[in-house]
Amino acid sequence: MFGYKVLGFGAGGSVKALDADYLIVAAGGGGGGSGGGGGGMRTSFPGGTKITLDKAANVITVGAGVSPGTCVGAGGCSVAGIITSAGGGKGDGGPTACTPRTNSRDGGAGGGGTSNGPSQPTPVGQGNVPPVSPPQGAQGGAKPYIAGGGGGGGGASGGAGTAGQAVPQPSNPPFNGLGNGGPGGGGTSNSITGSGQTFAGGGGGFAYWPGYNAGNGGSGGGGKGSSHGSGPNQQSQDGSDGQGGGGGGSQGNRGGNGIVMLRYPTACAPRVTIAPGSNTTATSGCCTIATFNVTGTLSL
Amino acid sequence: MANNRWARINEADKVIQIVEVGDDISNPASWLQSIYKTSNTFVQVPGNSAVVGPTFSYGIVGGPNVFAELQPYSTWTSSTTDNVLTWVPPVAVPTKITNEQDPDPSGVDYDLFVWDNDNIRWLNGLGQYWDADNSNWVDI
């Protein structure tokens, strides 16, 4: 038989392990002036090494997105079995008195950079932190002056966030470098459900100055940044839940919650129970796909 | 089906994780302790606020049931709403970038300015500090 192994015997009876393909997307990072990074995205589908779930009750953690604050903003990790996808990095930085990691722009995909004030550029958030192969995300875009950079996209094909523009302004001193916000990096597409869907887009950077446009969110649920308050389409967006998108650049845009999908032979489905009820199953061909929108359990 | 946000609190009374739980779970705190096999406590985040996240403390600063953000600077003071404590600078964030440039009066961007904690003032990176009383920038 395929699809399971017999692992030991105890007072509670045996647990037949379940080998499953996985798609694990963490929560996106919150957006500051720059966009938040998409959640880290790792998958075995198609053709990769499956995970083995071998406990009676296997905890599946779905990362939650948070809003950026002075000392908080990175997305929550998503976990299934031995595989962890890291949350997206927060857009921008913040006070240096805060704990480095949780304030960090680094993450599954990196958040856009910060200038910490005009004329003081600093590095962007790095993606694929901690490092895995294939990578779980790309880096964010720079914020060279006022316009924010886009957050990086998650997954092996995630694109780097684009830097905010810094267009020369000889007629408008001292602002020698205004421009559009950088778009968020595109996320990565996957067809574990039987049809393609893109996850973990980076958030777009904000523009702030009249006459310039905010960066769009990257494909895969990245939130759009905000532009000038009196201009059209100035509203920024949270990252999309269930896709792990990064929050759009502005103030207070939350990263989208992550998602976990597990794909296993439908022949195994009768001995699999998922909980709570807000998580769902569906079939595609000979396989069942369990989708975890919230933290729960897969019991064998 | 609505979700609620729960904070996982470690032995040091720090938030280490935010978990969204479906409202079909009858006793989320116990259920979360059970599935994670932990003695950490789980507390529902007031108002399901997305502001609360890892590094917040619980019950240490501001009161027994208060989620408190790390204090970013020693001079910033606390502000508590619905049991969520955040920090406010002693000088309000500037509302414009220079005296001549006021690109977006409807918004404020913290990232445009640097807090000078030694001198309790905002800097704009152009050799000026913010005079909050007169709402203008002054050369240092």
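No experiment lies behind these values; they were computed from the predicted model shown.

(A) View of the domain arrangement of chain B. Segmenting chain B into domains produces domain 1 (3-88) and domain 2 (91-140). The centre of domain 1 of chain B, based on its C-alpha atoms, is set 33 Å off from the matching centre of domain 2 of chain B.

(B) A look at the sheet that holds strand 14 (residues 296-299) of chain A. Residue and element names in this part refer to chain A. Read across the open sheet, the 5 strands follow the order 7-6-5-14-11; overall the sheet is antiparallel. Across the chains shown, the open sheet's two edge strands, defined by having one partner strand only, are strand 7 (83-85) and strand 11 (273-275). Within this sheet the neighbouring strands show an average axis-to-axis angle of 20°, counted without direction. Bridge count between strand 6 (residues 78-80) and strand 7: 3 bridges; the pairing is antiparallel. Residue pairing in the sheet places Ser78 in a bridge with Ser85 of strand 7.

(C) Quick look at the sheet that holds strand 2 (residues 15-22) of chain B. All names here are of chain B. What the 3 strands build is an open sheet, ordered 2-1-3; its pairing is antiparallel. Each end of this open sheet is capped by a strand with a single partner; those strands are strand 2 and strand 3 (41-44). Averaged over all pairs of adjacent strands, the angle between their axes in this sheet comes to 30°, without regard to strand direction. Across 7 bridges, the pairing between strand 1 (residues 3-9) and strand 2 is antiparallel. What sits directly across from Arg5, in strand 2, is Glu20.

(D) Highlighting the nonpolar core. Counting 56 residues, the largest nonpolar core has Val260(A), Met261(A), Leu262(A) and Ala7(B) as the members making the most contacts within it. Listing elements by their share of this core, those giving two or more residues are strand 2 (15-25), strand 4 (51-53), strand 10 (259-265) and strand 13 (287-292) of chain A together with strand 1, strand 2 and strand 5 (67-68) of chain B. Here the element with the most residues in this core is strand 2 of chain A; it accounts for 6 residues. What Val260(A) contacts, discounting residues up to four positions off in sequence, is Ile24(A), Ile60(A), Val62(A), Ser78(A), Ala80(A) and Phe292(A). If you look at the next biggest cluster of nonpolar residues, it comprises 19 residues, including Phe175(A), Tyr212(A), Phe113(B) and Leu123(B).

(E) Spotlight on the environment of Ile18(B). Within the secondary structure layout, Ile18(B) lies in strand 2. Sequence-wise, Ile18(B) and Asp139(B) are 121 residues apart; in three dimensions their C-alpha atoms are separated by 44 Å. Setting aside anything within four residues of it in sequence, one finds Ile18(B) in contact with Ala64(A), Val66(A), Gly76(A), Arg5(B), Ala7(B), Val52(B) and Gly53(B).

(F) Local environment of the confidence of the model for chain B. Predicted confidence across chain B gives a mean pLDDT of 90, with 91% of residues reaching 70 or more. Highest mean pLDDT in chain B belongs to strand 3 of chain B (98); lowest belongs to strand 8 (residues 114-116) of chain B (86).

(G) Region of interest: the pairing of strand 7 (residues 84-88) of chain B. Residue and element names in this part refer to chain B. As defined by bridge partners, strand 5 adjoins strand 7 across 2 bridges and the pair is classed as parallel. Paired with Phe67 across the two strands is Val84, which belongs to strand 7. Alignment of strand 6 (residues 77-81) against strand 7, held across 5 bridges, turns out to be antiparallel. Its bridge partner lying in strand 7, Thr81 is registered against Val84. Once strand 6 ends, the chain turns through 2 residues before running back antiparallel as strand 7, passing Asp82 with a positive phi of about 50°.

(H) Representation of the environment of Val294(A) in the model. Within the secondary structure, Val294(A) is located in the loop between strand 13 and strand 14. Given 25 C-beta atoms within 10 Å, Val294(A) falls into the buried group. Counting along the chain gives 42 residues from Val294(A) to Gly252(A), while the straight-line C-alpha distance between them is 22 Å. Non-local contacts of Val294(A), meaning those with residues more than four positions away in its chain, are made with Val62(A), Ser278(A), Asn279(A), Asn3(B), Glu20(B), Val21(B) and Gly22(B).

How each quantity is defined
- Residues numbered from 1 in each chain as written.
- Chains lettered and ligands numbered in written order.
- Predicted model: local features only at pLDDT ≥ 70, side-chain atom pairs only at ≥ 80, totals over all residues.
- Domains from an automatic or database assignment.
- Pairing = 2+ DSSP bridges.
- Helix = DSSP H or I, 4+ residues; strand = E, 2+ residues; numbered from the N terminus.
- Axes fitted to C-alpha atoms, helices over the stretch in contact; angles between N-to-C directions.
- Core = buried A, V, L, I, M, F, W, Y, C linked by C-beta atoms within 7 Å.
- Buried ≥ 20, exposed ≤ 12 C-beta atoms within 10 Å, placed from the backbone.
- Contact = placed C-beta atoms within 7 Å.
- pLDDT = per-residue confidence, 0-100.

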